Every structure is written in C-alpha cells, then in structure tokens.
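Observations on the model geometry
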Amino acid sequence: MTHRKNEGVGLSKAVRRFIVRFLSVVVFANSISAFAAEPVPPKPNPAEPVNYVEWINKTFGGVQSNAYADYKSAAELWKPFDGDLSAAISGPWGRNEPVANWLKANQPAMEKFRAASAKTGCYFPLEPGKPTSDARTNLCLLFADQAAMTLHRDAFHALIAQGYQAWGKGDEKTLRANALLLLRSVRHLDASPLLLRRLMANKVAAGAHEALRKAIKLTEDPEAFAQALVEDLAKADPPQSSLQRTMNMERLHVSDLCQRLFVPGKEPGTWTLYDPVFNELTKMGLFEANDKSELVRFGFDETLRELNAHFDQADKWLGTPFPSVTDGASELARLGTQSKNPFSKKVLPSFDRARVLHEHCAASRSATFLIAHLFIYRAKSKEFPASLDKLQGSGIAQLKIDPFSGRDFVYRKQDDGFLLYSVSTNMKDDGGKHDPQMKDVDFAYWPVPK
C-alpha cells in the first residue's frame, strides 16, 4: 500500500519505486503459524479481485479512542521549516530566531500532536486511490491513499528543538517530557501494518533516545535525572512489536498487486495481463514494456507460488536472531534476482536495511535504560560498576543484550566514566569507533558521540 501523493506533492518515479518495494499492509492467509491469531483475509482472485482496502478498514478499523483524527488535524495545521534544523536538534542552543518563530507558529499543530500521543490506540484508515481508469486499478493497495507520514518526523524536530530551547533557559523537564511524548506516539506507528510507518517509528524512537542520553550528559544532576527517566520510560516506552509480523504483512500487498495484474485467458489455465494496471505500473517505472510477454508466460499461479516462497523464507530469516543470519539477506535477495519472472525480480522486497534499523532502534532503547541504571548505581555506590553484571533490576538481563551480537553490550569502566557501545552490523568489537550510518565498525552510546 502506498501514497499516490504525499502532502500534495507528487512522488517521483524513484520514490514510488521505493515505496512499491517496501510498503506493507496486512498478513496474508498463507502466513505461518506464528501469525495464526491474525485475521485471515480472503484469498486473492484474479477473476474477481478482492477489495482488500474495504476488508482492511472493516477488520482493523475498530479502534477506540483513535488518535488518527488528532494526527490528521496536526498534519493539516503543520507549517514546514525552510532551512536546516540540525543545529536546533543537536543540543542546547541560544537565540535562534527563525527556529523560535517556527516553533511558535506550530504551537496549535503541536498541541494536536500531544493530544494524539495521549490516546491509547491509532488506526490510519485506507482510502481508494484517486480515479485513474476503473475500480480494478483504483482499489489496488498500491494506489491506496493514507495520511502523510512526514508528521512524526516534523514533530520530532519541533519537540526536540523546543526541549533544547527550554534547556538553554534552565528548564530541563521539557526535553525529557517531549522525548517521552514522542516515544508514546511512536507506538501508534509501531502498531501500523505499513512498513514505512514502522521505519519512521524506528527513526523517531532512536532520535528521542539519543536526545535523552544527551540530556543525561548535560544535566548537573545526572543521577536524579536518570532515576526519574527510568520510571518514565517504564510507562512510555514498552519494547517495540515484532518486525517479523510487520514484514510478513507485505505479503498481502504483493498478492493484491498480483491478483489485479493478471486476468484469466481464453483457454483454461492461461493468463493475460490487465493492461490498465500494467500500464500504470510501467509509468511508475516498476515494469518495462518488454516484461509483458514474460509475465504472461509465468502467469498468476506460478507468480503467486514464487512470492509465497519468498515470504516464507523472509519469515524464517526475520524470526532468527541477527548473529545467526549473516547470509540471510543475500539469500533472500537471490530468491528474487535469480528468478526469470519480472514480478519476482522487481516487486519482491529486500528486508536487510529495514532489519538493521529495527535492531538499532531496539539497541538504542536498551542503551538509554542501561545508561540511566549505571548513573543510579553510581548514586548508591559512589562509582560506576566494574561490569554490567553488577546492575540489578527488572528486565536488566534482557536490556544488557546487544541485538547485533547476541551478547552483552560492550561496557568498559574508565577513570572519568565509562564506555558503552554496540558492535553493530559487523558484529566485531572495533574499540568503540562510532559509525552513525550503522554500516561499519561500532555504534557508540556513551560517551554520547558528537
């Protein structure tokens, strides 16, 4: 499922192609037993395509105290910032008139965002795409409209900037309160069956935790700040939901595209393409004109078999701890690229980067908890512990585990403090050398990297 437009701005072909490969909706019927509790949708039917837009809204739309209306209002009120906000979200700043004016102008939108984050549930409804040719095309999940996803990113920038602005005036509570507000709101994105919403949730949550770690560094009383933070985080920031669940939801999205692209041929067991859908996908850059004959040769049944085999493998990979699946992403990629079916080559998604972002978000959360507990330990023992094993408390054993290595985070006590870092994607201890892109060497959490 994807946007045809994002806040009134048409998507480029490159962006559309990215969205086609990475968006997800709801679990498909063939999903394995780990998702047996999920509602089972009707099977795809090329002769009479299932209206999954309607099915999804009816099945998942009964959310009480739904935050969606407040998010929608916030998005409608939001005024974008014309310039670079990096300085405003990197630490306390003095008088920055353009940012201060932007924050003031967005107070009504931010209040709506605050109201949304306070609600217990959220469901972002689907709407059929804007009319292009006929219902078979418009009701395709690929063309379904959703509320813009940029609101959480913009709200993150505004609330963290507001927190640092207040910090510069001696107010240390606003930054913590705003970061916690973002973490509560992230849970609405985290529960979304849309993969790009989950990726946005990962980015916002990791950024909020980074701001909290900076706050511990900046405050004059880190022990007291840490104690209050642990108590607040326990309420506002539960562990994120399974990426395996969300990734498997891509299956229905791709299956729906398959049922709308193929139509039965004149002879039993033969297939042809539905030209309006194929032409629309070709305009978006997903297929090329010369793909048509190969798509027809493979047909609906074989294409559906391939995509289910791909998702079954993805489900297995995503359910295996990161240290045990170093080759899993490449194996998944080969399932698609080695196929001669243009659908498999160009539609089936790769999950490796999404998984790295998911694991990084989990590591960032754990690191913030650990750092706070380390300062609480110092408050009681007058020094930091010799190892993480000295920390006591509910959930500490799990918080100590680096998702990338499956072992404890690297912790080293020093005369003036301590080091805490993840070995990150290469799963090797590089001495705490920090890579903010999470592609090489380690990812450092303390001291907070510049």
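Residues numbered from 1 in each chain as written. Predicted model: local features only at pLDDT ≥ 70, side-chain atom pairs only at ≥ 80, totals over all residues. Heavy atoms only, no water.

As a further point, take the overall build of the chain. Per the secondary structure count, the chain includes 18 helices and seven strands. In the chain, which comprises 450 residues, the share counted as buried stands at 55%. A sequence separation of at least 24 residues applies to 69% of the contacts in the chain between residues at least 6 apart. Total accessible area on the chain stands at roughly 19,800 Å², and carbon and sulfur atoms take up 51% of it. (Helix = DSSP H or I, 4+ residues; strand = E, 2+ residues; numbered from the N terminus. Buried < 20%, exposed > 50% of the residue type's maximum accessible area, 1.4 Å probe, protein only. Contact = heavy atoms within 4.5 Å. Areas by Shrake-Rupley, 256 points an atom, 1.4 Å probe, with all protein chains shown as cover.)

It is worth spelling out the pattern of salt bridges at this point. Enumeration according to the criterion identifies 19 salt bridges in this entry. Across the pair D154 and R153 runs a salt bridge, and its minimum N-O distance is 3.2 Å. For R153, a relative accessible area of 37% corresponds to the partly exposed category. The salt bridge partner of E383 is K413, with a shortest N-O separation of 3.1 Å. With a gap of 30 residues between them, E383 in the loop between helix 17 (352-381) and helix 18 (396-399) and K413 in strand 5 (residues 410-414) connect regions that are remote in the sequence. On the basis of relative accessible area, E383 is assigned to the partly exposed category, the value being 45%. Because the salt bridges share partners, they merge into one network encompassing R187, D190, R198, D237 and R365. (Salt bridge = Lys/Arg side-chain N within 4 Å of Asp/Glu carboxyl O.)

Let's shift gears to the layout of surface pockets. Over the atoms, a rolled probe matching the size of one water molecule traces out where space is still vacant. By volume, the second largest pocket is sized at about 680 Å³. Looking at the second largest pocket, it is lined by 34 residues, and the ones nearest its centre are Q240, E359, A362, Q398 and P403. For the lining of the second largest pocket, the elements supplying multiple residues, two or more each, are helix 9 (195-218), helix 11 (243-248), helix 17 and helix 18. Among the elements that line the lining of the second largest pocket, the one with the most residues is helix 17, at nine residues. (1 Å grid on protein atoms, 1.4 Å probe; cavity = no way out; pocket = protein on both sides within 12 Å on 5 of 7 lines; lining within 4 Å. Points joined across faces, edges and corners; volume = space filled by probe spheres on them.)

Moving on, we get to the packing of aromatic side chains. A full pass over the atoms with the stated rule returns 19 aromatic pairs. Relative to F418, the ring of F375 lies with its centre 6.1 Å away and its plane at 65 degrees, an arrangement referred to as edge-to-face. Remark: F418 occurs in strand 6 (residues 417-422) and F375 occurs in helix 17; sequence separation between them is 43 residues. With a relative accessible area of 5%, F375 lands in the buried category. Residues Y411 and F418 carry aromatic rings whose centres are separated by 5.7 Å and whose planes lie at 35 degrees to one another, so their mutual orientation is tilted. (Phe/Tyr/Trp six-rings, centres within 6.5 Å; stacked < 30°, edge-to-face > 60°.)

On to unusual backbone geometry. For the bond running from W446 to P447, omega is -5 degrees, close enough to zero to count as cis. Counting through the fold element by element, P447 comes out in the segment after strand 7 (443-446). Its identity is not glycine, yet M427 carries a phi of approximately 60 degrees, on the positive side. Mapped onto the elements of the fold, M427 is located in the loop between strand 6 and strand 7. With a phi close to 45 degrees, V441 is a non-glycine residue in the positive phi region. Relative to the assigned elements, V441 resides in the loop between strand 6 and strand 7.

Strand order across the open sheet formed by three strands is 5-6-7, with antiparallel pairing between neighbours. Where the open sheet ends on each side, the last strands, each with one partner, are strand 5 and strand 7. Averaged over all adjacent pairs, the angle separating strand axes in this sheet is 25 degrees, with direction ignored. Note that strand 6 and strand 7 share three bridges and pair antiparallel. Looking across to strand 7, one finds that L420 is bridged to W446. Seen against the sheet, helix 17 touches strand 5, strand 6 and strand 7 and runs at an angle of roughly 25 degrees to strand 7. (Pairing = 2+ DSSP bridges. Axes fitted to C-alpha atoms, helices over the stretch in contact; angles between N-to-C directions.)

Moving on: helix 4 (residues 97-105). Listed as buried for helix 4 are V99, W102 and L103. Summarising the axial view, the buried residues of helix 4 lie within an arc of 100 degrees, below the 170-degree limit, and thus occupy one face. Tucked into the core, helix 4 has its buried residues touching helix 5 (107-117) and helix 7 (150-167). (Arc of directions from axis to C-beta.)

A few words on the pairing of strand 6. Counting buried positions over the six residues of strand 6 gives six, a clear majority of the element. Of the strand pairs in this sheet, strand 5 and strand 6 are connected by five bridges, and their pairing is antiparallel. Across the sheet, the residue bridging to V410 is Y421, located in strand 6. The loop that links strand 5 with its antiparallel partner strand 6 comprises two residues.

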